[in-house]
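As a plain string of letters, each chain reads:
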Amino acid sequence: MSEAFLPGFGPRLKAGREEKKLALAEVAAKLKLTSRQVEALEEEDLSHLPSEVFVRGFVRNYARLVDVDVDSLI
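Residues numbered from 1 in each chain as written. Predicted model: local features only at pLDDT ≥ 70, side-chain atom pairs only at ≥ 80, totals over all residues. Heavy atoms only, no water.

Now for unusual backbone geometry. Positive phi values are uncommon outside glycine, yet Lys32 reaches one of about 60°. Counting through the fold element by element, Lys32 comes out in the loop between helix 2 (24–31) and helix 3 (35–42). Judged by its relative accessible area of 73%, Lys32 falls in the exposed class. Even without being glycine, Glu44 reaches a positive phi, approximately 60°. (Helix = DSSP H or I, 4+ residues; strand = E, 2+ residues; numbered from the N terminus. Buried < 20%, exposed > 50% of the residue type's maximum accessible area, 1.4 Å probe, protein only.)

Bringing the pattern of salt bridges into the picture now. The tally for this structure, following the rule as stated, stands at 6 salt bridges. We note a salt bridge from Arg17 to Glu42, for which the minimum N-O separation is 2.6 Å. Separated by 25 residues along the polypeptide, Arg17 in helix 1 (residues 9–19) and Glu42 in helix 3 bring together distant segments of the chain. Accessibility expressed as a relative area gives 10% for Arg17, which makes it buried. Residue Glu42 is classed as buried on the basis of its relative accessible area, which comes to 9%. A salt bridge links Arg56 to Glu52, with the nearest nitrogen and oxygen atoms 2.9 Å apart. Residue Arg56 and its partner Glu52 are located together in helix 4 (residues 52–65), separated by 4 residues, close to a single helical turn. For Arg56, a relative accessible area of 25% translates into the label partly exposed. Several salt bridges converge on common partners, so that one network encompasses Arg36, Glu39, Glu43 and Asp45. (Salt bridge = Lys/Arg side-chain N within 4 Å of Asp/Glu carboxyl O.)

Before going further, it helps to examine the confidence of the model for the chain. For the chain, the average pLDDT comes to 93, and 96% of its residues sit at 70 or higher. By mean pLDDT, the top-scoring element of the chain is helix 2 (98), and the lowest-scoring one is helix 4 (95). (pLDDT = per-residue confidence, 0-100.)

For Gln37, the position within the fold is in helix 3. Only 2.9 Å separates the side chain of Gln37 from the backbone nitrogen of Thr34, close enough to count as a polar contact. Once residues lying within four places of it in the same chain are set aside, the contact partners of Gln37 are Leu49, Pro50 and Phe58. (Polar contact = N/O pair within 3.5 Å; in protein donor to acceptor, adjacent residues only side chain to side chain. Contact = heavy atoms within 4.5 Å.)

This part covers the nonpolar core. A general feature of soluble globular proteins is that nonpolar side chains tend to end up buried together. Formed by 21 residues in total, the largest nonpolar core has its most connected members in Leu13, Leu41, Val59, Tyr62 and Leu73. Residue assignment for this core shows that the elements contributing at least two residues are helix 1, helix 2, helix 3 and helix 4. Among the elements that line this core, the one with the most residues is helix 4, at 5 residues. Filtering out sequence-adjacent residues up to four positions away, Leu73 remains in contact with Ala4, Phe5, Leu6, Phe9, Arg12, Leu13, Val59, Ala63 and Val68. (Core = buried A, V, L, I, M, F, W, Y, C linked by side-chain atoms within 4.5 Å.)

Shown next, in the form of structure tokens:
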């Protein structure tokens, strides 16, 4: 995992999504990502995602969508 992300960022995003009662596909559509990319974020599997600069943006947007503090993830 990259040093840019704090350990546990994926499960925190997933918990935020579940708390908002959003399906994986709904989050993907709102963020203009594929469901597989959202799943990779939640699993902290960065190997299935583009470069880190894009992933930081994905994480920021996802965190804002589900009301998770961005600074606690990156």
